[in-house]
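One-letter residues, chain by chain:
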Amino acid sequence: MKTLITAVILSISSLATAQTGAVCGEAKEIIQYLQDNYKERIIWIEKSDQGVNYAILGSADSKSWSMIQISDRVACLVLTGSEFIVVPSGTKIKTVQPE
């Protein structure tokens, strides 16, 4: 994880660290970085009335995904993961009950 954060910091200019410790920068640069390095594209966007929006980017090829928070053209990388799976519409998903 430290390698990923270091790579993001070195690859994107004008980065700032949010109080949460998330990597932040110009939204276009963060999205471009994720597209260029992880082949992720935006697959979901949440637009709120409060001006803070979230987007999920994912790649069927690399199986990686990222969640970014966007506000006033600034994006913060808040979550990342692997093993991204596209579930076709109409697929029944087995729910897991807590023990």
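What counts and what doesn't
Residue indices begin from 1 for each chain and proceed along its sequence in written order. Only residues with pLDDT of 70 or above have their local features reported here, since the model is predicted, and side-chain atom pairs are shown and tallied only from 80 upward, although totals for entire chains, interfaces and linings are computed over all residues. Water and hydrogen atoms play no part in the side-chain values, which are based on all heavy atoms of the structure. Think of it this way: any DSSP run of H or I at least four residues long counts as a helix, any run of E at least two long counts as a strand, and we number them from the N terminus. Note on classification: 1.4 Å probe, protein chains only; a residue is buried when its accessible area is under 20% of the maximum for its type, exposed when over 50%, partly exposed between these limits. Contact between two residues is taken to exist if any of their heavy atoms lie within 4.5 Å; hydrogens are not considered. Only the protein chains shown count as cover for residues, and the accessible areas themselves come from Shrake-Rupley with a 1.4 Å probe. Here the nonpolar core consists of buried residues drawn from Ala, Val, Leu, Ile, Met, Phe, Trp, Tyr and Cys, with membership extended through side-chain atoms lying within 4.5 Å. The rule for pairing is simple: two strands pair if DSSP sees at least two bridges between them. Two N or O atoms form a polar contact when they lie within 3.5 Å of each other; inside protein one atom must be a possible hydrogen donor and the other a possible acceptor, and for residues adjacent in sequence the pair counts only when both atoms belong to side chains.

Thoughts on the overall build of the chain
For step 1, the next point in the chain: Along the chain, the regular secondary structure elements total 2 helices and 6 strands.
For step 2, the next point in the chain: Tracing the chain from N to C terminus, the helices and strands come up as α-β-β-α-β-β-β-β.
For step 3, the next point in the chain: For the chain, buried positions account for 26% of its 99 residues.
For step 4, the next point in the chain: A separation threshold of at least 6 residues defines the contact pool for the chain, and within that pool the share at least 24 residues apart is 30%.
For step 5, the next point in the chain: Accessible surface for the chain amounts to roughly 7400 Å². Of this, 55% is attributable to carbon and sulfur atoms.

Observations regarding the nonpolar core
For step 1, the next point in the chain: Listed in full, the 10 residues of the largest apolar core are Ala 27, Ile 30, Ile 31, Tyr 33, Leu 34, Ala 55, Leu 57, Ile 68, Ala 75 and Leu 77.
For step 2, the next point in the chain: Of all the secondary-structure elements, those providing two or more residues to this core are α2 (27-38), β4 (53-58) and β6 (74-81).
For step 3, the next point in the chain: When residues in this core are grouped by element, the largest group, 5 residues, is from α2.

What to know about the pairing of strand β3 (residues 41-46)
For step 1, the next point in the chain: Two strands pair when backbone bridges link them, and β3 and β4 are joined in this way by 5 bridges, in the antiparallel orientation. Its bridge partner being in β4, Ile 45 is matched across the sheet by Ala 55.
For step 2, the next point in the chain: Connecting the antiparallel pair β3 and β4 is a turn made up of 6 residues, with Gly 51 showing a positive phi of about 90 degrees.

Comments concerning unusual backbone geometry
Excluding glycine, most residues fall at negative phi; most peptide bonds, likewise, are trans.
For step 1, the next point in the chain: The backbone of Lys 63 sits at a positive phi, close to 65 degrees, despite the residue not being glycine.
For step 2, the next point in the chain: In this fold, Lys 63 is placed in the loop between β4 and β5 (65-71).
For step 3, the next point in the chain: Of note in the backbone geometry, Arg 73 takes a positive phi value of approximately 70 degrees without being a glycine.
For step 4, the next point in the chain: Secondary-structure assignment places Arg 73 in the loop between β5 and β6.
For step 5, the next point in the chain: Residue classification places Arg 73 among the exposed residues on the basis of a relative accessible area of 65%.

Side note on the environment of Lys 39
For step 1, the next point in the chain: Inspection of the secondary structure assignment puts Lys 39 in the loop between α2 and β3.
For step 2, the next point in the chain: When the C-alpha positions of Lys 39 and Gly 58 are compared, they lie 7.8 Å apart, and in sequence the two are 19 residues distant.
For step 3, the next point in the chain: In this structure, Lys 39 is in contact with Leu 34, Gly 58 and Ser 59, ignoring residues within four places of it in sequence.
For step 4, the next point in the chain: A polar contact is formed between the side chain of Lys 39 and the backbone oxygen of Asp 36, at a distance of 3.1 Å.

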